[in-house]
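One-letter residues, chain by chain:
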Amino acid sequence: MSSLLMPKATAVWLIDNTALTFEQIAEFCGLHLLEVQAIADGDVSQGILGFDPVLNGQLTQENIDECCNDSSLFLTKSSSSLPDTKAKSKGPKYIPLARRGDKPDAIAWIVKNHPEVKNSQISKLIGTTKDTIEKIRTRSHWNISNITAKHPVLLSLCSQEDLENAIIKAGGKIETDEDNSFSTSN
């Protein structure tokens, strides 16, 4: 479950418009009991407009009424039919100068083990140019004799999850250690 949107403004609205106890409001909004009491006294959050959690879909009026009538109950956040948001990465992360020489090795590993992955996917994954990837694919890179295929996750150039997603998106198959152990033992 995601966190509450604008907890102090929601607490202001609940204090002004309901007969809920400070404990109930504090528990729902994720605030300390004394902070809710200070909001009610006007010591904290002066000038904050109340935020209606019913209109926003975070609470139902029935839940509020039920908790107003029984102070032992606590408010429960309404479930949303919308999917949870996933934080997007901000693009390729900064790679120190000393580690940038590892990029061709990582590209060579992907090209060797998963040739179905497109150059654009490798470019996003490793943070390199499509021209460099194409030169490594065609073995015309200026330093091809010194390039050895190394796993990009072990080189800390991408995460395992991002690599697996790129391979699956390209139509490839993820090899696990268990698959390799069965094939070597037979």
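On a predicted model such as this, the values are computed, not experimentally measured, just so you know. All chains use their own residue numbering, which begins from 1 and follows the written sequence. Residues qualify for local features only when their pLDDT is at least 70, as the model is predicted, and side-chain atom pairs are given and counted only at 80 or more; totals for whole chains, interfaces and linings, by contrast, use all residues. Excluding hydrogens and water, the side-chain figures rest on all heavy atoms present in the structure.

**Student:** Would you mind going over the overall build of the protein chain in detail, with residue names and values included?
**Tutor:** Put simply, DSSP H or I for four residues or longer makes a helix, DSSP E for two residues or longer makes a strand, and each gets a number counted from the N terminus. Looking only at helices and strands, the protein chain features nine helices and zero strands. Seen in sequence order, the protein chain has helices and strands lined up from the N terminus as α-α-α-α-α-α-α-α-α. Contact definition: two residues touch when any of their heavy atoms are within 4.5 Å. Put simply, 57% of the contacts in the protein chain that link residues at least 6 apart link residues at least 24 apart. Reported accessibility uses the Shrake-Rupley method at a 1.4 Å probe radius. Residues are deemed covered only where the shown protein chains occlude them. Accessible surface, the protein chain as shown: approximately 12300 Å² in total, 52% of it carbon and sulfur.

**Student:** Quick rundown of the pattern of salt bridges? Include the residues and the values.
**Tutor:** A pair is scored as a salt bridge if a Lys or Arg side-chain nitrogen falls within 4 Å of a carboxyl oxygen belonging to Asp or Glu. Considering all chains together, one arrives at four salt bridges under this definition. In this structure, Asp105 and Lys150 form a salt bridge, with 3.9 Å as the shortest nitrogen-oxygen distance. Taken together, the residues Asp105 in helix H5 (residues 103–113) and Lys150 in the loop between helix H7 (130–137) and helix H8 (160–169) connect sequence positions 45 residues apart. With a shortest N-O distance of 3.4 Å, Lys135 and Asp131 are connected by a salt bridge. Placement of the pair is Lys135 and Asp131 together in helix H7, with a separation of four residues, close to one helical turn. Relative accessible area decides the class of each residue, using a 1.4 Å probe on protein chains only: under 20% of the type maximum gives buried, over 50% gives exposed, and in between gives partly exposed. Residue class for Lys135 comes out partly exposed when judged on its relative accessible area of 36%.

**Student:** Tell me about the packing of H5 against helix H6 (residues 119–127), and name the residues and values.
**Tutor:** In this description, a line fitted to the C-alpha atoms serves as the axis of each element, helices being fitted only across the stretch in contact, and the angle between N-to-C directions of two axes falls anywhere from 0 to 180 degrees. Remark: H5 packs on H6, axes separated minimally by 11 Å, with the N-to-C direction vectors making an angle of 140°. When the axis of H5 is compared with that of H6, the two are oblique. As for how H5 packs across H6, the hand of that crossing is right-handed. Side by side, H5 and H6 meet where Lys103, Ala106, Ile107, Ile110 and Val111 of the first sit next to Ile122, Leu125, Ile126 and Gly127 of the second. Residues belonging to the contact of H5 with H6 are distributed by class as follows: seven nonpolar, one polar and one charged. Working definition: roughly parallel below 35 degrees, roughly antiparallel above 145 degrees, roughly perpendicular at 65 to 115 degrees, and oblique for all remaining angles. The crossing is said to be left-handed when, going from far helix to near helix, the turn is anticlockwise and less than a right angle, and right-handed when the turn is clockwise. Under the scheme applied here, ten amino acids are nonpolar (Ala, Val, Leu, Ile, Met, Phe, Trp, Tyr, Cys and Pro), four are charged (Asp, Glu, Lys and Arg), and all others, including Gly, are polar.

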